Amino acid sequence: AQTVTQSQPEMSVQEAETVTLSCTYDTSESDYYLFWYKQPPSRQMILVIRQEAYKQQNATENRFSVNFQKAAKSFSLKISDSQLGDAAMYFCAYRSHNAGNNRKLIWGLGTSLAVNP
Amino acid sequence: DAMVIQNPRYQVTQFGKPVTLSCSQTLNHNVMYWYQQKSSQAPKLLFHYYDKDFNNEADTPDNFQSRRPNTSFCFLDIRSPGLGDAAMYLCATSRVMRQPQHFGDGTRLSIL
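What counts, and where the lines are drawn
Residues numbered from 1 in each chain as written. Chains lettered and ligands numbered in written order. Predicted model: local features only at pLDDT ≥ 70, side-chain atom pairs only at ≥ 80, totals over all residues. Heavy atoms only, no water. Helix = DSSP H or I, 4+ residues; strand = E, 2+ residues; numbered from the N terminus. Buried < 20%, exposed > 50% of the residue type's maximum accessible area, 1.4 Å probe, protein only. Areas by Shrake-Rupley, 256 points an atom, 1.4 Å probe, with all protein chains shown as cover. Contact = heavy atoms within 4.5 Å. Buried area = accessible area lost by both parts, 1.4 Å probe. Salt bridge = Lys/Arg side-chain N within 4 Å of Asp/Glu carboxyl O. Disulfide = S-S within 2.5 Å.

1. Brief notes about the overall build of chain B
In step 1: Check the secondary structure of chain B and you find zero helices and eleven strands.
In step 2: Sequence-ordered secondary structure for chain B, helices as α and strands as β, is β-β-β-β-β-β-β-β-β-β-β.
In step 3: C-alpha atoms of chain B, sized along the principal axes, occupy 35 × 30 × 30 Å.
In step 4: Expressed as a percentage of the 112 residues in chain B, the buried residues total 51%.
In step 5: Element-wise, carbon and sulfur atoms account for 48% of the exposed surface of chain B, whose accessible area totals about 5400 Å².

2. Some details on the interface of chain A and chain B
In step 1: Taken together, the contact pairs 19 residues of chain A with 19 residues of chain B.
In step 2: Carbon and sulfur atoms make up 51% of the area that chain A and chain B hide from each other, which totals about 1600 Å².
In step 3: At the junction of chain A and chain B, the tally comes to one salt bridge.
In step 4: In this structure, the salt-bridge partner of K104 of chain A is E57 of chain B, at a minimum N-O distance of 2.7 Å.

3. Brief notes about unusual backbone geometry
Residues and elements named next belong to chain B.
In step 1: A cis geometry characterises the amide bond from N7 onward to P8, with omega recorded as -15°.
In step 2: Following the sequence through the fold, P8 ends up in the loop between strand 1 (4-7) and strand 2 (10-13).
In step 3: A positive phi angle, near 60°, is found at N28, a position not held by glycine.
In step 4: By secondary structure assignment, the location of N28 is in the loop between strand 3 (19-25) and strand 4 (31-37).

4. Side note on the state of the cysteines
In step 1: Taken as a whole, this structure holds two disulfides over all chains when the rule is applied.
In step 2: In this model C23 of chain A forms its disulfide with C92 of chain A; the gap between the sulfur atoms is 2.0 Å. Between C23 of chain A and C92 of chain A the sulfur-sulfur dihedral comes to about -70°; the bridge is accordingly left-handed. Residue C23 of chain A is located in the loop between strand 3 (19-21) and strand 4 (24-26), and its partner C92 of chain A is located in strand 10 (residues 88-96); the two are separated by 69 residues in the primary sequence. One exposure class covers both C23 of chain A and C92 of chain A, and it is buried.
In step 3: The disulfide that involves C23 of chain B links it to C91 of chain B, with 1.9 Å between the sulfurs. Where C23 of chain B bonds to C91 of chain B through sulfur, the torsion about that S-S bond is close to -75°, and the disulfide is left-handed. Of this pair, C23 of chain B sits in strand 3 while C91 of chain B sits in strand 9 (residues 87-94), placing them 68 residues apart in sequence.
In step 4: Accessibility expressed as a relative area gives 0% for C91 of chain B, which makes it buried.
In step 5: Cysteine C74 of chain B remains unbridged, with the sulfur of C91 of chain B as its closest cysteine sulfur at 6.1 Å.

Written out as C-alpha cells, the structure reads:
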C-alpha cells in the first residue's frame, strides 16, 4: 500500500523569504500523480501544484515549485517570496494512475505553515 | 462563481438525530467525493460517486450514507450521529478520477 509522509508538522517563515516543505512517499508503482493542497484556516482546500510521475521536469506555479526526485521518492514544495496569505496547512497527496479502486488520494498528515511579518 | 457549494457551512444536530449535508457543483464533473476531516488531520475519504456508480470505502461506518440524485447534487446522510462524528465534512469533485479534485468550503458538524 502506498503511504505519504510529511515529517514537519509545523514550519514558519519570514515574509518575503523562501521555505521548503518536505514530502516523501512509498510506492511500488511507476506511474502516479503527486499533489500539494493548501488549506487556510476555516477556508477551502485548494490545489497548489500537481506533478505527473512520468514527467521529469519539476512543476511550477508562480511562486510555488516542486523538487520531484522519483528515485528518492521525494516531492518537496518550495514557496518563494512568502506572503502572509500563504499561511495554511499544506497537504501532500499521492494518487495511482492505475485503474480500479486505487485511484483515491493518499494524504500526508499535513504541515502547518506560519508566515511571520 | 463558486463551483462546489456546500450547505450549510455550520450544522448543529442532536446526538442520534439524523442529519443531511448537501453539496452541489457547477463544473459538470463526473466524480463527487465526501471526506471527513477532524481537527489537525488529513481528510478521510468516506465514499465517492462516479456518475451514478457508488463506491464506499471499506472503513466507512454504516451510519454514513450518500445519495446522488443527479450530476449536480450529492448528499451525505448521517443516520444516527454520535459525538465522534463531529467534524468538518468536505465535498469535492473531479472530471474523472485522475484529474485534480475541487473542494467546497466544507460543513462543520457539531453534535450536542
